[in-house]
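Examining the three-dimensional arrangement
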Amino acid sequence: MTQPVPIRRVPDTFRPFRVLDAYSCIGGATKGIKRAIPGVHVTGVDIQAQPDYCGDAFHQGDAVEFIREHGHEFDFIHASPPCQGEGAPTKGTNAARNAAIGRTYPRLIVPTRAALEATGRPYVMENVAGSEVRKDLRLCGEMFGLGVLMHRYFELGGWTTAQPAHPKHRGRVRGCRHGVWHEGPYVAAYGKGGGKATVEEMRVAKGIDWSTDHLHLREALPPAYTEWIARAYLATLTPLLEVAA
């Protein structure tokens, strides 16, 4: 009898499956990975201190440098470069407006991809529509019954999986748009005012119960996304992870 387990055999011993969560913030992605892989060890890295980080180890520093120096030490890498430098704020009239007031955003997807590919390890990199991330997967909160839509795109490196079905949205995102108030089953987990989600609403809508930091809750990925991704990745490894019971 055999059974799949999320542990790789190494000479003369066992060690946990090790995952790196780059640009980890409070660990939304980390939490999903830990839910999917029992016994996994997840290390977070972020340029800012993250006292609410929920993983097993944390390093404060530059994520690209950490990936370059230590990425090869991990079995799998998740990366969420900040989206401010990748979407609407850096394009068209928004870019000109930001330049006029001296506001700049780093473009991190290309250097992050180069660092990830250099490790030779399988990875997933997440970002928003309009970014340079390759659109291998598109996930939405409605796929997991969440209270946010939060469409995100995922680039898969060194592995692949099928795109899941995208169910029809149940309604609108609650809030004020162009002076008109809309009710709906989803909350806007960004900004303040105009009906945007409160701290408690974001916690419930995203499935995050270990932080009350408004800014970091806005930035965090719902754990359900990476729980699905981690399970999909493990499914590609099942023949390698079977051991005698």
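Residues numbered from 1 in each chain as written. Predicted model: local features only at pLDDT ≥ 70, side-chain atom pairs only at ≥ 80, totals over all residues. Heavy atoms only, no water.

This next bit is on the overall build of the protein chain. A tally of regular secondary structure across the protein chain gives 7 helices and 13 strands. In the protein chain, buried positions account for 46% of the 245 residues. In the protein chain, once contacts between residues fewer than 6 apart in sequence are set aside, the share between residues at least 24 apart is 56%. (Helix = DSSP H or I, 4+ residues; strand = E, 2+ residues; numbered from the N terminus. Buried < 20%, exposed > 50% of the residue type's maximum accessible area, 1.4 Å probe, protein only. Contact = heavy atoms within 4.5 Å.)

Okay, the pattern of salt bridges next. Should the charged atoms of two oppositely charged side chains come close, the side chains can pair. Taken as a whole, this structure holds 11 salt bridges when the rule is applied. In this structure, Glu-132 engages Arg-107 in a salt bridge whose closest nitrogen and oxygen atoms are separated by 3.0 Å. Highlighted residues: Glu-132 in the loop between β8 (123-127) and β9 (137-139) and Arg-107 in the loop between α3 (92-100) and α4 (109-119), separated in sequence by 25 residues. Classification of Arg-107 by relative accessible area gives partly exposed; the value is 39%. (Salt bridge = Lys/Arg side-chain N within 4 Å of Asp/Glu carboxyl O.)

Moving on, we get to the pairing of strand β7 (residues 76-79). Every second residue of β7 is oriented toward a common face, with Phe-76 and His-78 on one face and Ile-77 and Ala-79 on the other, all of them buried. Taken together, the 4 bridges between strand β4 (residues 18-22) and β7 define a ladder with parallel strand orientation. Bridge assignment links Ala-22 to a residue of β7, and that residue is Ala-79. Of the strand pairs in this sheet, β7 and β8 are connected by 3 bridges, and their pairing is parallel. The residue of β8 that forms the bridge with Ile-77 is Tyr-123. (Pairing = 2+ DSSP bridges.)

To continue, consider unusual backbone geometry. For Cys-25, which is not glycine, the phi torsion reads 55 degrees and is therefore positive. With respect to the helices, strands and loops of the structure, Cys-25 is situated in the loop between β4 and α1 (28-36). Residue Met-150 is not a glycine yet carries a positive backbone phi of 45 degrees. Note on placement: Met-150 falls in the loop between β9 and β10 (152-157).

We now examine the nonpolar core. Counting 44 residues, the largest nonpolar core has Phe-17, Ile-37 and Phe-154 as its most contacted members. Listed by contribution, the elements that provide at least two residues to this core are α1, β9, β10, α5 (199-206) and α7 (223-241). Among the elements that line this core, the one with the most residues is α7, at 8 residues. Counting residues in each nonpolar core, the second largest holds 19 residues, with Val-45, Leu-108, Tyr-123 and Val-133 among its members. (Core = buried A, V, L, I, M, F, W, Y, C linked by side-chain atoms within 4.5 Å.)

With that settled, the discussion passes to the side chain of Ser-211. Looking at the secondary structure, you find Ser-211 in the loop between α5 and α6 (214-219). For Ser-211, the side chain forms a polar contact with the main-chain nitrogen of Asp-213, separated by 3.2 Å. Contact partners of Ser-211, with chain neighbours within four places excluded, come to Ile-26, Asp-52, Arg-203 and Leu-217. (Polar contact = N/O pair within 3.5 Å; in protein donor to acceptor, adjacent residues only side chain to side chain.)

Here the structure, examined in full by the defined rule, presents 8 aromatic pairs. With 5.3 Å between their ring centres and 75 degrees between their planes, Trp-159 and Tyr-233 make a pair best called edge-to-face. In this pair, Trp-159 is assigned in the loop between β10 and β11 (175-177) and Tyr-233 in helix α7, connecting sequence segments 74 residues apart. The same class applies to Trp-159 and to Tyr-233, which are both buried. (Phe/Tyr/Trp six-rings, centres within 6.5 Å; stacked < 30°, edge-to-face > 60°.)

Here we take up helix α2 (residues 63-70). Every buried residue belonging to α2 is among Ala-63, Val-64, Phe-66 and Ile-67, and all of these are buried. Buried residues in α2, looked at end-on, bunch into an arc of 165 degrees, giving them a common side. Seen from the buried face of α2, the exposed residues on the opposite side, beyond 90 degrees, are Arg-68 and Glu-69. The elements touched by buried residues of α2 are β4, β5 (41-46), β6 (57-60) and α4. Measuring from the backbone nitrogen of Val-64 back to the side-chain oxygen at the start of α2 gives 3.1 Å, which picks out Asp-62 as the cap. (Arc of directions from axis to C-beta.)

On to the sheet that holds β10. Within the open sheet, the 7 strands sit side by side as β6-β5-β4-β7-β8-β10-β9. Their pairing is mixed. Strands with a single pairing partner mark the edges of an open sheet, and in this sheet they are β6 and β9. Strand-to-strand twist across the sheet, computed as the mean angle between neighbouring axes with direction ignored, equals 20 degrees. Pairing analysis gives 4 bridges linking β5 to β6, with the strands arranged parallel. Pairing of Val-45 across the sheet is with His-59, part of β6. Its contacts with the sheet place α4 against β7, β8 and β10, and it is angled at close to 170 degrees to β8. (Axes fitted to C-alpha atoms, helices over the stretch in contact; angles between N-to-C directions.)

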